[in-house]
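Residues per chain are reported as follows:
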Amino acid sequence: MFCYQCQEALKNTGCITNGVCGKKSDTANLQDLLIWILKGIAVLEERSGRPVSPETGLFMVQSLFVTITNGNFDNASITAQIQKALEIKKRLLAEAGNDGTLPEAATWFDSEAAFAAKAKLVGILTEPNEDLRSLKELILYGVKGLAAYAEHAAMLGKEDEAIYSFVVKAMASLTRNLTVDELLAITLETGEYAVKTMALLDTANTGAYGKPEVTRVNIGVRKNPGILVSGHDLRDLEDLLVQTEGTGIDVYTHCEMLPAHAYPAFKKFKHLAGNYGNAWWQQASEFESFNGPILMTTNCIVPIRPSYKDRLYTTGMAGYDGAVHIEDRPKGGRKDFTPLIEQARSCNPPKEIETGTVTIGFAHDQILALADKVVDAVKSGAIKRFVVMGGCDGRHKERSYFTDVAKALPQDSIILTAGCAKYRYNKLPLGDIGGIPRVLDAGQCNDSYSLALVALKLKEVFGLDDINKLPISFDIAWYEQKAVTVLLALLHLGVKGIRLGPTLPAFLSPNVAKVLVESFGIKPIGSVEADVAAMAAGK
Ligand code: FSO
Ligand code: SF4
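About the thresholds
Residues numbered from 1 in each chain as written. Chains lettered and ligands numbered in written order. Predicted model: local features only at pLDDT ≥ 70, side-chain atom pairs only at ≥ 80, totals over all residues. Heavy atoms only, no water. Helix = DSSP H or I, 4+ residues; strand = E, 2+ residues; numbered from the N terminus. Rg over C-alpha atoms; globule rule 2.2 N^0.38 Å. Buried < 20%, exposed > 50% of the residue type's maximum accessible area, 1.4 Å probe, protein only. Contact = heavy atoms within 4.5 Å. Areas by Shrake-Rupley, 256 points an atom, 1.4 Å probe, with all protein chains shown as cover. Domains from an automatic or database assignment. Buried area = accessible area lost by both parts, 1.4 Å probe. Polar contact = N/O pair within 3.5 Å; in protein donor to acceptor, adjacent residues only side chain to side chain. Nonpolar A, V, L, I, M, F, W, Y, C, P; charged D, E, K, R; others polar. Phe/Tyr/Trp six-rings, centres within 6.5 Å; stacked < 30°, edge-to-face > 60°. Near = heavy atom within 4 Å. Pairing = 2+ DSSP bridges. Axes fitted to C-alpha atoms, helices over the stretch in contact; angles between N-to-C directions. Salt bridge = Lys/Arg side-chain N within 4 Å of Asp/Glu carboxyl O. Parallel < 35°, antiparallel > 145°, perpendicular 65-115°, else oblique. Left-handed = near helix turned anticlockwise from the far one by under 90°. Core = buried A, V, L, I, M, F, W, Y, C linked by side-chain atoms within 4.5 Å.

Undergrad: Go over the overall build of the protein chain, please, and point to the residues and values.
TA: Within the protein chain one finds 19 helices and 16 strands. In terms of overall dimensions, the protein chain is globule-like: its C-alpha atoms have a radius of gyration of 23 Å, near the 24 Å expected for 539 residues. Looking at the protein chain as a whole, 61% of its 539 residues qualify as buried. Of the contacts formed within the protein chain by residues at least 6 apart in sequence, a portion of 74% connects residues at least 24 apart. Total accessible area on the protein chain stands at roughly 19800 Å², and carbon and sulfur atoms take up 53% of it.

Undergrad: Provide a residue-level description of the domain arrangement of the protein chain, including the pertinent values.
TA: Split into domains, the protein chain comes out as domain 1 (10-208), domain 2 (215-345) and domain 3 (364-536). Placing a centre on the C-alpha atoms of domain 1 and another on those of domain 2 gives a separation of 28 Å. Together domain 1 and domain 2 conceal approximately 1500 Å² of surface at their shared face, both sides included; 59% is due to carbon and sulfur atoms. Linking domain 1 with domain 2 are six residue pairs in polar contact (both at pLDDT 80 or more). The class makeup of the residues in the side of domain 1 that touches domain 2 is eight nonpolar, nine polar and two charged.

Undergrad: Provide a residue-level description of the packing of aromatic side chains, including the pertinent values.
TA: This structure, assessed with the given rule, holds 17 aromatic pairs. A ring pair is formed by Phe-287 and Tyr-308, whose centres lie 5.6 Å apart and whose planes are at 85°; its orientation type is edge-to-face. Within this pair, whereas Phe-287 is found in helix H11 (residues 283-290), its partner Tyr-308 is found in the loop between strand S5 (294-296) and strand S6 (312-315), the two being separated by 21 residues in sequence. Summarising the burial analysis for this pair, Phe-287 and Tyr-308 share the class buried. Here the aromatic residues Phe-2, Tyr-4, Tyr-141, Trp-478 and Phe-507 are joined through ring pairs into a cluster of three or more.

Undergrad: Tell me about the site of ligand 1, and name the residues and values.
TA: Residues in contact with ligand 1 amount to 15 residues; listed here are only the nearest, His-232, Glu-256, Cys-300, Cys-420 and Glu-480. In this structure, Cys-420 approaches ligand 1 through a main-chain N or O atom, which is 3.3 Å from an oxygen atom. When the residues that make up the shell around ligand 1 are grouped by side-chain class, the tally is eight nonpolar, four polar and three charged. Inspection of the shell around ligand 1 shows a minimum of three residues originating in each of domain 2 (215-345) and domain 3 (364-536).

Undergrad: Talk me through the sheet that holds strand S7 (residues 324-326); I want residue IDs and the actual numbers.
TA: Taking strand neighbours across the sheet as the criterion, the six strands line up as S4-S3-S2-S5-S6-S7 in an open arrangement whose pairing is parallel. The open sheet has two free edges, formed respectively by strand S4 (272-275) and S7, since each of these has just one partner strand. Strand-to-strand twist in this sheet, taken as the mean axis angle between neighbours without regard to direction, amounts to 30°. Pairing of strand S2 (residues 226-230) with S5 involves three bridges; the strand directions are parallel. Its bridge partner lying in S5, Val-229 is registered against Leu-295.

Undergrad: Describe the sheet that holds strand S13 (residues 439-441), and please don't skip the residues or the numbers.
TA: Across the sheet, which stays open at both edges, the six strands sit in the order S13-S10-S9-S14-S15-S16 with parallel pairing between neighbours. The two strands at the open ends of the sheet, each matched to only one other strand, are S13 and strand S16 (523-524). Bridge analysis of strand S9 (residues 385-388) against strand S10 (residues 413-417) gives four bridges, and the strand direction is parallel. If you follow Phe-386 over to S10, its bridge partner there is Ile-414.

Undergrad: A description of the pattern of salt bridges should follow, citing residues and the corresponding values.
TA: For the structure shown, the criterion picks out 30 salt bridges. Lys-169 serves as the salt-bridge partner of Glu-189, at 2.7 Å between the closest nitrogen and oxygen. Here Lys-169 lies in helix H7 (residues 161-173) and Glu-189 lies in helix H8 (residues 180-209), a separation of 20 residues in the sequence. Asp-465 is the salt-bridge partner of Lys-469, the closest N and O atoms lying 2.7 Å from each other. Each of Arg-235, Asp-236, Glu-238, Asp-239, Arg-329, Arg-334 and Lys-335 takes part in a single network of salt bridges with overlapping partners.

Undergrad: Account for the packing of H7 against H8, with residues named and values stated.
TA: Axis separation between H7 and H8 bottoms out at 10 Å; the angle between their running directions is 155°. Put simply, H7 runs roughly antiparallel to H8. Taken as a pair, H7 and H8 cross one another with a handedness that is left-handed. Here H7 contributes Ala-162, Ile-163, Phe-166, Lys-169, Ala-170 and Ser-173 to the contact with H8, which in turn contributes Ile-186, Glu-189, Thr-190, Tyr-193, Lys-196, Thr-197 and Leu-200.

Undergrad: Quick rundown of the nonpolar core? Include the residues and the values.
TA: Counting 177 residues, the largest nonpolar core has Met-171 and Phe-266 as the members making the most contacts within it. With 14 residues, the top contributor of residues to this core is helix H6 (residues 130-155). In this view, Phe-266 contacts Tyr-209, Leu-234, Leu-237, Glu-238, Leu-241, Ala-260 and Leu-272; residues no more than four positions away in its chain are not counted. Listed in part, the 17 residues of the second largest apolar core include Ala-406, Leu-409, Tyr-425 and Met-535.

Undergrad: Just give me the short version of the packing of H8 against helix H17 (residues 481-492), but keep the residues and values in it.
TA: Two numbers describe a pair of packed helices, the interaxial angle and the distance between the axes. Remark: H8 packs on H17, axes separated minimally by 7 Å, with the N-to-C direction vectors making an angle of 105°. Between H8 and H17, the angle is such that the two are roughly perpendicular. Contacts from Thr-187, Leu-188, Thr-190, Gly-191, Glu-192, Ala-194, Val-195 and Met-198 of H8 reach H17 at Thr-485, Val-486, Leu-488, Ala-489 and His-492. A breakdown of the residues in the contact of H8 with H17 according to their chemical character gives seven nonpolar, five polar and one charged.

Undergrad: Go over the environment of Ile-353 with me, naming the residues and quoting the values.
TA: For Ile-353, the position within the fold is in the loop between helix H12 (338-345) and strand S8 (357-360). Sequence separation between Ile-353 and Ser-289 is 64 residues, and the spatial gap between their C-alpha atoms is 8.1 Å. Those residues in contact with Ile-353, other than ones at most four positions away along the chain, are Tyr-276, Gly-277, Glu-286 and Ser-289.

Undergrad: Residue-level account of unusual backbone geometry, with values.
TA: A cis amide bond links Asn-299 to the next residue, Cys-300, at an omega of 15°. Tracing the backbone through its elements, the reader meets Cys-300 in the loop between S5 and S6. Omega for the bond connecting Gly-501 with Pro-502 falls within 30 degrees of zero, at 10°, which places this linkage in the cis form. Looking at the element boundaries, Pro-502 is found in the loop between strand S15 (499-501) and helix H18 (510-520). Of note, the phi angle at Asn-12 is positive, near 50°, even though the residue is not glycine. Inspection of the secondary structure puts Asn-12 in the segment before helix H1 (25-48). Given a relative accessible area of 32%, Asn-12 falls into the partly exposed group. One non-glycine residue, Asn-70, adopts positive backbone phi at about 70°. Secondary-structure assignment places Asn-70 in the loop between helix H2 (54-66) and helix H3 (75-96).

Structure follows, in structure tokens:
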């Protein structure tokens, strides 16, 4: 195996025997094979000349989602996805015909017994040129992230053929001998479609569940047994809340599911009891003390401890060998969460690990409702700077940087956040500025879209011609491919000078990193003191 798609890549170079995330080499190889076949499907789909069908589009994004960091560790489900991919490819190839110019990714077929051997020949390192490999992987990871968001939107009935077509175009392009400039152009286009996909998911979420409202969420526990829901899929939470209503079982959110509490449709469920725990990487001890069943709707899963192995369930694109997988919902129906509900009845209530509340729900409508107040505060000098500190959390010790920056930022600065990165500072007593909390949490990582809308609105209100003239600094924490998508979205929107940490991606070759530095001013995080001083000075 060779994998360097996330921030925890071994020695910031790449995982080669086992993933730091817990991914085994056979799983990594199967994921590589799936990606390679998807590239072949994309080439054939392009040849068809017709719009990408919702079936193929959804299959592409779901398959990409399967390969995201920490999402699916289950060889059987990845193998099943490869089988489906080969069936789709067979149909497309029969239609297109093989004129001898197709890449092998489009024409290769074999039985399951041959998957492991073939997988070893089609991984990341098959592109020998380090810069082309770097750009191709940057595009692939951006596409993986937006695929995850497109999948969530599809589960809520919102799909966009233009996004599926872009996924096909981008994946097909990865089979071609393109130049650095051509790949850079697709990289930037990935950012454009990242914005479109986050906008689509925003519409899907708010259309289904209403506009997020400012909400205080309990982080303690009640006395009933509970079910804990983690990951990003709001539709799964909905199905579970409906099925647990009136059962005496409470439902708690974990990590990226916290923002669900801000949606009016979920507030109606009185047994949605609170948020339990912190960012994904702390799940092992938190899942242990939760005592009840846990539902992982997406990444990030960490290798499961025996103490809760029989309580952990996956669904959707998530998977873990040995964990029960809740099957997809039938058309027009709901997923069946009976196994979790039955198990919860005999479980102890969660053990309390924290008490108090966190305040959430500052998505674009809520922040824009505060716009007059915010603008006045900026004009009066009460707010001197906004610092966008969204993204992902992770287990590296260096990530204490983000807590320390939050603490060290001057009292006249506001932190805008989204994604699980917030757990580094969302429980700190940072106070408010004239009633505006100093940490405004827009929601999940995909709700970084909200932060972009707010920036664009402020640019308009202040009559500026460039987003970079706003008093906003970007200090982004990244971990996996959705953060790559968010980063490319920000670049597409013209944001310059983003600080990125805790390390720059291993998949950026020195030359590609240089281009990003020179064209967009991307820089690695530095020391807390230096960065806080630089941001306060507008740098
Ligand atoms: Fe975090 Fe994991 Fe949301 Fe990611 S839980 S790390 S960027 O999956 O998607 O923020
Ligand atoms: Fe390593 Fe990250 Fe790949 Fe896991 S996803 S194998 S930790 S680079």
